[in-house]
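Inside the fold
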Amino acid sequence: MKKILLLLCVIAGCLQLTFGWGFYGHKQINHHAVFLLPPAMMAFYKPNIDFITEHAVDPDKRRYTVREEGPRHYIDLNRYGAYPFSGLPRNWNDAVEKFGEDSLKAHGIVPWWIHIMLQRLTNAFREKNYPAIVKLSAEIGHYIADAHVPLHAHSNYNGQQTNQHGIHGLWESRIPELLAATDFDYLLGKAEYISNPPTFVWQRVLESAAAADTVLELEKAVSLRFSPDFKYAFEERNGLLVRQYSGAFTIAYNAAMKGMVERRMRQSVFATASLWYTAWINAGQPALEAAGSVRFSEEDIKIFSELDKSWKAGNTADRTCGN
Ligand SMILES: [Zn+2]
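In this report, we go over the structure that sits alongside the text. (Residues numbered from 1 in each chain as written. Predicted model: local features only at pLDDT ≥ 70, side-chain atom pairs only at ≥ 80, totals over all residues.)

Considering the overall build of the protein chain
Worth spelling out the cut-off: Each helix is a run of H or I in the DSSP string that is no shorter than four residues. Each strand is a run of E no shorter than two, and both are numbered from the N terminus. Any residue whose C-beta has 12 or fewer other C-beta atoms within 10 Å is treated as exposed, any with 20 or more as buried, and any in between as partly exposed, C-beta atoms being built from the backbone.
When you go through the protein chain residue by residue, the secondary structure sums to 15 helices and three strands. Dimensions along the principal axes, computed over C-alpha positions, put the protein chain at roughly 60 × 55 × 40 Å. By the burial criterion, 38% of the 323 residues in the protein chain qualify as buried.

What about the environment of Glu 207?
If you trace the backbone, Glu 207 turns up in helix H11 (residues 197-223). In this structure, the C-alpha to C-alpha distance between Glu 207 and Leu 179, residues 28 residues apart in sequence, is 23 Å.

Section: unusual backbone geometry
With an omega of 0°, the peptide bond between Tyr 83 and Pro 84 qualifies as cis. Secondary-structure assignment places Pro 84 in the loop between helix H5 (58-62) and helix H6 (92-99). Backbone geometry at Lys 128 places phi at a positive 50°, although glycine is not the residue there. Turning to its location among the elements, Lys 128 is positioned in the loop between helix H8 (110-126) and helix H9 (130-147). Classification of Lys 128 by C-beta neighbours within 10 Å gives partly exposed; the count is 13. With a phi angle near 55°, Asn 163 is a residue other than glycine that sits in the positive phi range. Mapping Asn 163 onto the fold places it in the loop between H9 and helix H10 (167-183). Residue classification places Asn 163 among the exposed residues on the basis of 7 C-beta atoms within 10 Å.

A short note on the pairing of strand E2 (residues 232-237)
Our working definition: Two strands form a pair only when DSSP identifies at least two bridges running between them.
Counting buried positions over the six residues of E2 gives zero, only a small fraction of the element. Joining the antiparallel neighbours E2 and strand E3 (residues 240-245) is a turn of two residues, in which Asn 238 adopts a positive phi near 50°.

Let's talk about helix H14 (residues 260-282)
Structurally, the α-helix is built with 3.6 residues per turn, so residues lying three or four positions apart point the same way. Note the cut-off: Working rule for helices: expected span equals 1.5 Å times residues minus one.
Its 23 residues place the ends of H14 32 Å apart at the C-alpha level, agreeing with the 33 Å of an ideal helix rising 1.5 Å per residue. Two residues or fewer after H14 comes Gly 284, characterised by a positive phi angle close to 95°.

Quick look at the nonpolar core
As a reminder, the rule being used: Structurally, a nonpolar core is described as a collection of buried Ala, Val, Leu, Ile, Met, Phe, Trp, Tyr and Cys residues joined by way of C-beta atoms within 7 Å. Once C-beta atoms are placed from the backbone, any two residues with those atoms within 7 Å are in contact.
The biggest cluster of nonpolar side chains holds 67 residues, and the ones touching the most others in it are Leu 37, Val 110, Ile 114, Leu 121, Ile 140, Val 205 and Ala 273. With eleven residues, H14 is the single largest residue contributor to this core. The residues contacting Ile 140, other than those within four sequence positions of it, are Ile 114, Met 117, Leu 118, Leu 121 and Leu 275.

Observations concerning the packing of H8 against H14
Condition: Axes here mean lines fitted to C-alpha atoms, for a helix over just the part in contact, with angles spanning 0 to 180 degrees between N-to-C directions. The scheme is simple: roughly parallel for angles under 35 degrees, roughly antiparallel for over 145, roughly perpendicular for 65 to 115, oblique for anything else. Note on convention: near helix rotated counterclockwise from far helix by under a right angle means a left-handed crossing. Clockwise means right-handed. Under this grouping Gly is polar, as are all residues other than the nonpolar Ala, Val, Leu, Ile, Met, Phe, Trp, Tyr, Cys and Pro and the charged Asp, Glu, Lys and Arg.
Running from N to C, H8 and H14 cross one another at 50°; their axes reach a closest spacing of 8 Å. It follows that H8 is oblique to H14 by the angle criterion. At the point where H8 passes H14, the crossing takes the right-handed sense. In this structure, H8 uses Leu 118, Leu 121, Thr 122 and Phe 125 to contact H14, whose residues at the interface are Leu 275, Ala 279, Trp 280 and Asn 282. The class makeup of the residues in the contact of H8 with H14 is six nonpolar, two polar and no charged.

Here's the deal with the pairing of E3
Where E2 and E3 come together, six bridges link them in antiparallel fashion. Residue Glu 236 lies in a different strand from E3, and its bridge partner there is Leu 241.

Let's talk about the environment of Lys 312
Relative to the elements of secondary structure, Lys 312 occurs in helix H15 (residues 298-319). On a C-alpha basis, the gap between Lys 312 and Lys 61 in space is 8.5 Å, while along the polypeptide they are 251 residues apart.

Overview of the packing of helix H2 (residues 22-33) against H9
It is at 10 Å that the axes of H2 and H9 come closest, and there the two elements cross at 120°. Taken together, the axes of H2 and H9 lie oblique to each other. Considering only the axes of H2 and H9, their crossing is right-handed. Counted together, His 26, Ile 29, Asn 30 and Ala 33 of H2 and Ala 138, Gly 141, His 142 and Ala 145 of H9 form the full contact between these two elements. Here the residues of the contact of H2 with H9 sort into four nonpolar, four polar and no charged.

The structure is reproduced here in structure tokens:
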């Protein structure tokens, strides 16, 4: 009976659609970031670590229902010429004046959006609005982690322009899911105060853009060493039989990148904790109540459950290759 229910996705482009680090990576990043915080913050974040981990993926879930959500996760810097893209003003108002808001949104706005989230988180600390602090902490962790992904800074984000469909999920989901638990090291020291958050965030997306060509070129180079039969393998995921990059290919590609995925993941953890810490410092280091996990209002709980429902409906459509 189960076999009858199995659906076969035979095109690599129909691999489960993921954004950013994939659900596994985003959750890991938020989870590990908590351990970089100073004791005064850790006492509050630790009891809420499950929420901050689980809700690391809310912004991606929202992409199925909120039209404005998509551009907040990336910026196609190659649309603005060559590195370091000096023709693109880093200041939002200057960029709007030069390119117009619609055009900026069409190519992604992640560095500017992180700044808005940082201001919201800082205000939540000032007001000691505990539900908002944990929600915004979970979400800013998502966006800054996305900013560390090279293919989130390039218009060829899924290899669609170079016949490398599926590379997005390979880099950000398949590699961490296969290797992070055993091979990645998250011992990172402590969160640091970021004196100039916009410069810090732009630096991260510029690094991502600079690495995008390497990510694409190495996948091509490693593919030459694998016949399609060895590059892909069928694997069951949540009741579906999907065509997946094989373990051998995934390991070879990761090795060719010389630890880039682990490095960007570690930097994402550090950046997440450092943004939380910076918001708290800028809010005047308020004393945070360490009274167990935060209680959410009925309305918040309803929003979480509706988000989950709409995501499940959208995600099912993706998995069955219905689009
Ligand atoms: Zn995302």
